[in-house]
Amino acid sequence: DAGVIQSPRHEVTEMGQEVTLRCKPISGHNSLFWYRQTMMRGLELLIYFNNNVPIDDSGMPEDRFSAKMPNASFSTLKIQPSEPRDSAVYFCASNTGDEKLFFGSGTQLSVL
Amino acid sequence: EDQVTQSPEALRLQEGESSSLNCSYTVSGLRGLFWYRQDPGKGPEFLFTLYSAGEEKEKERLKATLTKKESFLHITAPKPEDSATYLCAVQPTGNQFYFGTGTSLTVIP
């Protein structure tokens, strides 16, 4: 099993640019989560999907953030326009049956 | 409001010096409490799930315990390879998980 796969591992961009983060969950998992991790706030839930449907997006900071899950094996998190305060590590995780989360290796985002 | 607080923020131990990490929580209802280990540059890796007060789980030098208000991760005779950040998460209801900010553990040879 390849685990949860995220890309890119690192992203450096300039303020105002669009950023797209990608995630492939573990095959057979029906829930997918996007988290953001910073030193100050730790891991914050941004949004989670169940069976490709967004269930809770209350953690999405503002309209600049959007997430999609067009099918069971792919999800994107988009930031447009990006700002320096968006710099963080973004993790994708998946699970099935409300059990433990499996995390990807994360995307380190730096917005200059 | 559901809250998870971990202490201490950072802990330095000599190799072989046992200690405990704390996770206190305030939730409306608890389906499960999870411990994860996170190494630098990697995603959190699952260690334990605890479901009810009084429950204990063990894995090598680690033992997790749970009460109605807190959980402890006991580390017995730690080794340098135990150095990592340890995260606690609670699952109040459904399929949502709330994480603490973690304890950064350094074990000195």
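Here the structure is shown first, and the text comes after it.
(A) Main features of the sheet that holds strand β8 (residues 70–75) of chain B. Residues and elements named next belong to chain B. Taken in spatial order, the 5 strands line up as β1-β3-β8-β7-β6 in an open sheet, and their pairing is antiparallel. Here the strands that pair on one side only, and so sit at the sheet edges, are β1 (3–7) and β6 (56–59). Each strand of the sheet is rotated relative to its neighbour by a mean of 15 degrees, with strand direction disregarded.

(B) Structural context of the pairing of strand β2 (residues 10–14) of chain B. All names here are of chain B. Residues L11 and L13 point to one face of β2 and are all buried, whereas A10, R12 and Q14, pointing to the other face, are not buried. As judged from the 5 bridges shared by β2 and strand β11 (residues 103–108), these two strands associate in the parallel manner. Looking at β11, one finds that L13 is bridged to V107.

(C) A look at the state of the cysteines. All names here are of chain A. According to the stated counting rule, one finds 2 disulfides over all chains in the structure shown. The disulfide that involves C23 links it to C92, with 1.8 Å between the sulfurs. Measuring the twist about the S-S bond at about -70 degrees, one finds the C23-C92 disulfide to be left-handed. You can see C23 sitting in strand β3 (residues 19–24) and its partner C92 sitting in strand β9 (residues 88–95), a full 69 residues away along the chain. The burial state of C23 is the same as that of C92; both residues are buried.

(D) Broad picture of the pattern of salt bridges. All names here are of chain A. Inspection of the entire model under this criterion finds 12 salt bridges over all chains. Salt-bridge contacts for E62 lead to R64; the nearest nitrogen and oxygen are separated by 2.9 Å. A relative accessible area of 28% means that E62 is categorised as partly exposed. Between R64 and D86 there is a salt bridge, with the nearest N and O atoms lying 2.7 Å from each other. You can see R64 sitting in the loop between β6 (53–56) and β7 (65–71) and its partner D86 sitting in the loop between β8 (74–79) and β9, a full 22 residues away along the chain. Salt bridges sharing common partners tie together E62, R64, E83, R85 and D86.

About the cut-offs
- Here the residue numbers are simple positions, counted from 1 along each chain's written sequence.
- The order in which chains are written sets their letters, starting at A; the order in which ligands are written sets their numbers, starting at 1.
- Only residues with pLDDT of at least 70 get local features here, since the model is predicted, and only at 80 or more are side-chain atom pairs given and counted; chain-wide, interface and lining totals rely on the full set of residues.
- Side-chain figures throughout are based on the complete set of non-hydrogen atoms in the structure, without hydrogens or water.
- In this description, strands pair whenever DSSP reports at least two bridges between them.
- Strands are runs of DSSP state E lasting at least 2 residues, helices are runs of H or I lasting at least 4, and numbering of each runs from the N terminus.
- The angle between two axes is taken between their N-to-C directions and runs from 0 to 180 degrees, where each axis is a line fitted to C-alpha atoms and a helix contributes only its stretch in contact.
- Exposed residues in this analysis have more than 50% of their type's maximum accessible area, buried residues have under 20%, and partly exposed residues fall in between, with area computed by a 1.4 Å probe over protein chains only.
- When two cysteine sulfur atoms lie within 2.5 Å, the pair is treated as a disulfide.
- What counts as a salt bridge is simple: a side-chain nitrogen of Lys or Arg found within 4 Å of a carboxyl oxygen of Asp or Glu.

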